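Chain residues, written in single-letter form:
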Amino acid sequence: MAPYFKPLGPASKVTFERYYLAADFMCGIGYGAQGVLYLICTHYLWVQRKARRINIFMLAYIALLFLISTVVQVALAHRTQLVFIEHSDFPGGPWAYFEASFGGTSTTVSLIVSMVLMFLSELFMVWRCWVVWYSVSRRAAYTVAFFPTLMLVALFASAVPYVLTITHPDSLIAGVRTTAWVISWYALMLSTNVLVTGLILARLIIHRRAVRMTLASPHAGEYSSLISMLVESAALYSITGVGYLIATGVCSPLREPFTCAMISTQQISGYLIIARLAHGRGWKMSTMSIPSKIVILGNVSVIDTGEYGGTTGDNLGPYFVRGAGR
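Attention in this report is confined to the structure presented alongside it. (Residues numbered from 1 in each chain as written. Predicted model: local features only at pLDDT ≥ 70, side-chain atom pairs only at ≥ 80, totals over all residues. Heavy atoms only, no water.)

Regarding the overall build of the protein chain
Within the protein chain, the regular secondary structure consists of 10 helices and 3 strands. Residues counted as buried form 48% of the 326 residues belonging to the protein chain. Within the protein chain, contacts between residues separated by at least 24 positions form 72% of all contacts whose residues are at least 6 apart in sequence. By element, 70% of the accessible surface of the protein chain is carried by carbon and sulfur atoms, the whole surface being about 16300 Å². (Helix = DSSP H or I, 4+ residues; strand = E, 2+ residues; numbered from the N terminus. Buried < 20%, exposed > 50% of the residue type's maximum accessible area, 1.4 Å probe, protein only. Contact = heavy atoms within 4.5 Å. Areas by Shrake-Rupley, 256 points an atom, 1.4 Å probe, with all protein chains shown as cover.)

This is the structure we're talking about:
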């Protein structure tokens, strides 16, 4: 039997090393999921690029996101190589080297690029919130999106001191000052997402109650089913973000897996929304709020939504039928 060599450093540091390595694998799985969704979205957006002008913008947007995600993965892989291979015999073990070199090039690149990635994703969600509320009125859309936009500006402004703090030579990830900046920046970002998620869910719930009073159930569920509401509001990202803040606040080793889960779910949520848009199932500016006219033709109610070109499935142009087959 081969001799057993205990890991370097105290047991608490070894626990952090295990979770850090597990988080690295999780990031790879998340990146793979993003790659699959990127290809799916690119295919459908490219096929319909001439029918919808916004598809060109969406193609450029998701290409930029996937490029930035690739840079993040390369930086994370290089950092893992430095921690567990190049400097595996560092005094105190791999985690001690991770803390000592936290302001290094690979860490700095991965953090800054990750922040850009998450900021772009938050910008997309604020835009989606504006689109969802636009069906009420232009004024309602701008009013609802005003405060989340201010929070985005604050998020961008707070990123500068945050980056300067974490890249300082004397700054450690477990340090009080750095932890305070990490929690404050991610709390602001998560607060923005939770606010946007709540606003989108509120609009979808209002829409659900309105259309169920007039439309047949298949059409009523087009934008108001539980799955569609979870996708449109990016609720999955908000859930993982809350887990990350709790783990960081108590300095738990679960912080590392939650970091990867948070970044991955944020990107996956955006891709799922774009996939719904590419399939014609996502909420658009022209999506009705309340049917504009109901015409009774015998025992069939024909409901004029004022929206031509329908979304999916049994498309009846500007009309939906209720009571057919009675």
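Some details on the state of the cysteines
Applying the stated criterion to the full structure yields 1 disulfide. Disulfide pairing places C27 opposite C260 at an S-S distance of 2.1 Å. Judged by the torsion about the S-S bond (-80°), the C27/C260 disulfide is left-handed. Of this pair, C27 sits in helix 1 (residues 11–47) while C260 sits in helix 10 (residues 255–278), and the two are 233 residues apart along the sequence. Neither residue differs from the other here; C27 and C260 are each classed as buried. (Disulfide = S-S within 2.5 Å.)

Focus: the environment of A159
In this structure, A159 sits in helix 5 (residues 138–166). Apart from residues no more than four positions distant in its own chain, A159 is found in contact with M115 and W185.

Some remarks on helix 4 (residues 105–134)
For helix 4, built from 30 residues, the straight-helix expectation of 44 Å at 1.5 Å per residue is met to within 8% by its first-to-last C-alpha distance of 43 Å. With respect to burial, helix 4 is a largely interior element, 23 of its 30 residues being buried. (Expected span 1.5 Å × (residues − 1).)

Section: the packing of helix 2 (residues 54–86) against helix 10
Interhelical geometry of helix 2 versus helix 10 gives an angle of 160° and a closest axis separation of 12 Å. On the basis of their axis angle, the class for helix 2 and helix 10 is roughly antiparallel. Judged by the sense of rotation from one axis to the other, the crossing of helix 2 with helix 10 is left-handed. In this structure, helix 2 uses M58, Y61, I62, L65, F66 and S69 to contact helix 10, whose residues at the interface are Q267, Y271, I274 and L277. Partitioning the contact of helix 2 with helix 10 into residue classes produces 8 nonpolar, 2 polar and no charged. (Axes fitted to C-alpha atoms, helices over the stretch in contact; angles between N-to-C directions. Parallel < 35°, antiparallel > 145°, perpendicular 65-115°, else oblique. Left-handed = near helix turned anticlockwise from the far one by under 90°. Nonpolar A, V, L, I, M, F, W, Y, C, P; charged D, E, K, R; others polar.)

Quick word on the pattern of salt bridges
Opposite charge on two side chains permits them to pair, given that their charged atoms come into close proximity. Summed over all chains, the structure comprises 1 salt bridge. Between E256 and R255 there is a salt bridge, with the nearest N and O atoms lying 3.4 Å from each other. (Salt bridge = Lys/Arg side-chain N within 4 Å of Asp/Glu carboxyl O.)

A closer look at the packing of aromatic side chains
Each aromatic ring pair is specified by the distance between its two centres and by the angle formed by the two planes. Evaluated as defined, the whole model comprises 11 aromatic pairs. Relative to Y97, the ring of F90 has its centre 5.4 Å away and its plane inclined at 70°; by these criteria the two rings are edge-to-face. Y97 sits in the buried class, given a relative accessible area of 12%. Where F124 meets W127, the ring centres are 5.7 Å apart and the plane angle is 40°; that geometry is what we call tilted. Separated by 3 residues within a single helix, F124 and W127 lie in helix 4, roughly one turn from each other. Given the relative accessible area of 6%, F124 is considered buried. Put simply, the rings of F57, Y61, F124 and W127 touch in pairs and so form one group of aromatic residues. Of note, R49 hangs over the ring of W46, and the distance from its end group to the ring centre comes to 3.9 Å. (Phe/Tyr/Trp six-rings, centres within 6.5 Å; stacked < 30°, edge-to-face > 60°. Lys NZ or Arg CZ within 6 Å of the ring centre and 35° of its normal.)

Overview of the nonpolar core
Membership of the largest hydrophobic core comes to 60 residues, with the highest contact counts inside it found for I62, W185, Y186, M189, Y271 and I274. Contributing elements (two or more residues each) for this core: helix 1, helix 2, helix 4, helix 5, helix 6 (176–211), helix 9 (235–249) and helix 10. With 9 residues, the next largest nonpolar core counts F16, W95, Y97 and L111 among its residues. (Core = buried A, V, L, I, M, F, W, Y, C linked by side-chain atoms within 4.5 Å.)

Considering the packing of helix 1 against helix 2
The contact between helix 1 and helix 2 brings their axes to 10 Å, and the two run at 160°. Relative to helix 2, helix 1 is oriented roughly antiparallel. As for how helix 1 packs across helix 2, the hand of that crossing is left-handed.

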